[in-house]
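# Inside the fold
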Number of protein chains: 2
Amino acid sequence: MAKSVTLPPLVYPERDEITVEGVLRALADPVRLAIVRQLAASGHELSCGALTVSVTKSTITHHLGILRQAGVVAGRQEGTTRFNSLRRKDLDALFPGLLDGVLAAPR
Amino acid sequence: MAKSVTLPPLVYPERDEITVEGVLRALADPVRLAIVRQLAASGHELSCGALTVSVTKSTITHHLGILRQAGVVAGRQEGTTRFNSLRRKDLDALFPGLLDGVLAAPR
DNA sequence: GTCGTAGTTCGATGATGACCGTACTACGGA
DNA sequence: TCCGTAGTACGGTCATCATCGAACTACGAC
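Just so we're clear, the structure is a prediction, and the values are computed from it rather than from any experiment. (Residues numbered from 1 in each chain as written. Chains lettered and ligands numbered in written order. Predicted model: local features only at pLDDT ≥ 70, side-chain atom pairs only at ≥ 80, totals over all residues. Heavy atoms only, no water.)

## Looking at the sheet that holds strand S1 (residues 46-47) of chain A
Residues and elements named next belong to chain A. Taken in spatial order, the 3 strands line up as S1-S3-S2 in an open sheet, and their pairing is antiparallel. Looking at the sheet topology across the chains shown, the edges are occupied by S1 and strand S2 (73-78). Note: S1 against strand S3 (residues 81-86), 2 bridges, orientation antiparallel. In the sheet register, serine 47 faces S3, and the bridge partner there is phenylalanine 83. Helix-sheet contacts for helix H2 (residues 30-42) involve S1, S2 and S3, and the interaxial angle to S3 is about 85°. (Pairing = 2+ DSSP bridges. Helix = DSSP H or I, 4+ residues; strand = E, 2+ residues; numbered from the N terminus. Contact = heavy atoms within 4.5 Å. Axes fitted to C-alpha atoms, helices over the stretch in contact; angles between N-to-C directions.)

Here is the structure:
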């Protein structure tokens, strides 16, 4: 039979569709900022479950959706787990310094 | 009688009281982003009336208050007009690259 | 003093969005 | 085949906030 493509297609904005305002809105939330910080600190991709935030699963899904739509994170499906990673290259190319400035901040 | 100190004291956060999240929240609004862009583009300080945005005066006041509390802009009173300027030095010192990354963005 | 201009303050309203619980789908192991 | 785990989808609630108009203060010019 055909290759099983189960979960929703997970569509992201192309690099040139990413807007500063979208990125800023995405980052302007403590939970999402924590997620981005963890992704950046770990250096590699993390599953939803590997994120340590103080909200429920469904809320994490909500926030990851916003980060994805804004072009901040990408997701890769593997079995039942979805691995999320920072779109560092795209962000650095579009808004050089922005992400580093945010991540370098003490708080 | 005593020296007339009329308008509210206009208190800002000290440099070390500025948080990334506050700055991001402040910048994550189209009107406020437009204000910041105009301040940056003009290079000098601008009065409220010199800002070209598509909202009423009272809404401009509201947005400038948020930008001020976040530590993004400073204000100087002169007669009845209030001049607003970007706190570039403070922001660059705290979050190097952030502001430049935002301002360099095409949109 | 009187008027016009600059900006603030105060409600009020309407929209957005953060959050949760529950129900659901999909995969993998026993 | 049955169960546990990973994550999504949906519906609802509650808080936040962008926006406005109207009333107000302060200053400068005449």
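From this point, things continue past the structure.
## A look at the interface of chain B and chain A
You'll often see interface size given as the accessible area lost when the parts meet. Opposite the 21 residues of chain B that make contact, chain A presents 21 residues. One can count 2 residue pairs in polar contact (both at pLDDT 80 or more) joining chain B with chain A. Of all the secondary-structure elements, those providing two or more residues to the side of chain B that touches chain A are helix H1 (20-27), helix H2 (30-42) and helix H5 (98-104) of chain B. Class assignment for the residues of the side of chain B that touches chain A results in 11 nonpolar, 3 polar and 7 charged. (Polar contact = N/O pair within 3.5 Å; in protein donor to acceptor, adjacent residues only side chain to side chain. Nonpolar A, V, L, I, M, F, W, Y, C, P; charged D, E, K, R; others polar.)

## Focus: H1 of chain B
For H1 of chain B, every residue scored as buried is listed here: Val20, Val23, Leu24, Ala26 and Leu27 of chain B. One side of H1 of chain B holds all its buried residues, which, seen down the axis, span an arc of 160°. (Buried < 20%, exposed > 50% of the residue type's maximum accessible area, 1.4 Å probe, protein only. Arc of directions from axis to C-beta.)

## Some words on the relation of the copies chain B and chain A
Expressed as a screw transformation, the operator carrying chain B onto chain A has a rotation angle of 180° and an axial translation of 0.0 Å, and the superposed copies differ by an RMSD of 0.0 Å. Each copy turns onto its partner about a two-fold axis. (Least-squares fit on C-alpha atoms with pLDDT ≥ 70 in both.)

## A short note on the sheet that holds strand S3 (residues 81-86) of chain B
Residue and element names in this part refer to chain B. Ordered by their spatial adjacency, 3 strands build an open sheet running S1-S3-S2, and the pairing between neighbours is antiparallel. A strand with exactly one partner marks an edge of an open sheet, and here the two such strands are strand S1 (46-47) and strand S2 (73-78). Set on the sheet, H2 makes contact with S1, S2 and S3; between it and S3 the angle comes to about 85°.

## Focus: the pairing of S3 of chain B
Residues and elements named next belong to chain B. Every second residue of S3 is oriented toward a common face, the buried set being Arg82, Asn84 and Leu86 and the non-buried set Thr81, Phe83 and Ser85. Across 6 bridges, S2 lies against S3 in antiparallel orientation. In the strand pairing of S3, glycine 75 is matched with asparagine 84. A loop of 2 residues connects S2 with S3, the two strands running antiparallel in sequence, and glycine 79 in this loop sits at a positive phi of about 65°.

## Observations concerning the confidence of the model for chain A
All names here are of chain A. Looking at chain A as a whole, the pLDDT averages 89, with 90% of positions reaching at least 70. When mean pLDDT is compared element by element in chain A, helix H1 (residues 20-27) scores highest at 97, while S2 scores lowest at 91. Overall, residues 1-7 carries pLDDT values under 50, and its contacts beyond four positions in sequence, including any with other chains, amount to 2 contacts. (pLDDT = per-residue confidence, 0-100.)

## Let's talk about the protein's contact with DNA strand D
Around DNA strand D, the surrounding shell holds 24 residues, and the nearest of these are Gly49, Lys57, Thr61 and Arg82 of chain A together with His63 of chain B. Expressed as a percentage, the sugar and phosphate content of the atoms of DNA strand D within 4 Å of the protein is 69%. In this structure, arginine 82 of chain A approaches DNA strand D through a side-chain N or O atom, which is 2.8 Å from a phosphate oxygen. Separating a phosphate oxygen of DNA strand D from a side-chain N or O atom of threonine 59 of chain B is a distance of 3.1 Å. Those elements that provide at least two residues to the surface near DNA strand D are helix H3 (57-70) and S3 of chain A together with H2 and helix H3 (57-70) of chain B. A total of 5 residues in the surface near DNA strand D trace back to one element, the largest contributor, which is H3 of chain B. When its residues are assigned to classes, the surface near DNA strand D shows 5 nonpolar, 14 polar and 5 charged. (Near = heavy atom within 4 Å.)

## Details of the packing of H2 of chain B against H3 of chain B
Residue and element names in this part refer to chain B. Contact geometry for H2 and H3: axes closest at 10 Å, N-to-C directions at 70°. Judged by the angle between their axes, H2 and H3 are roughly perpendicular. Contact with H2, carried on its side by Val31, Arg32, Ile35 and Val36, involves His63, Leu64, Ile66 and Leu67 of H3 and no other residues of that element. Each residue belonging to the contact of H2 with H3 can be placed in one class, and the counts come to 6 nonpolar, 1 polar and 1 charged. (Parallel < 35°, antiparallel > 145°, perpendicular 65-115°, else oblique.)

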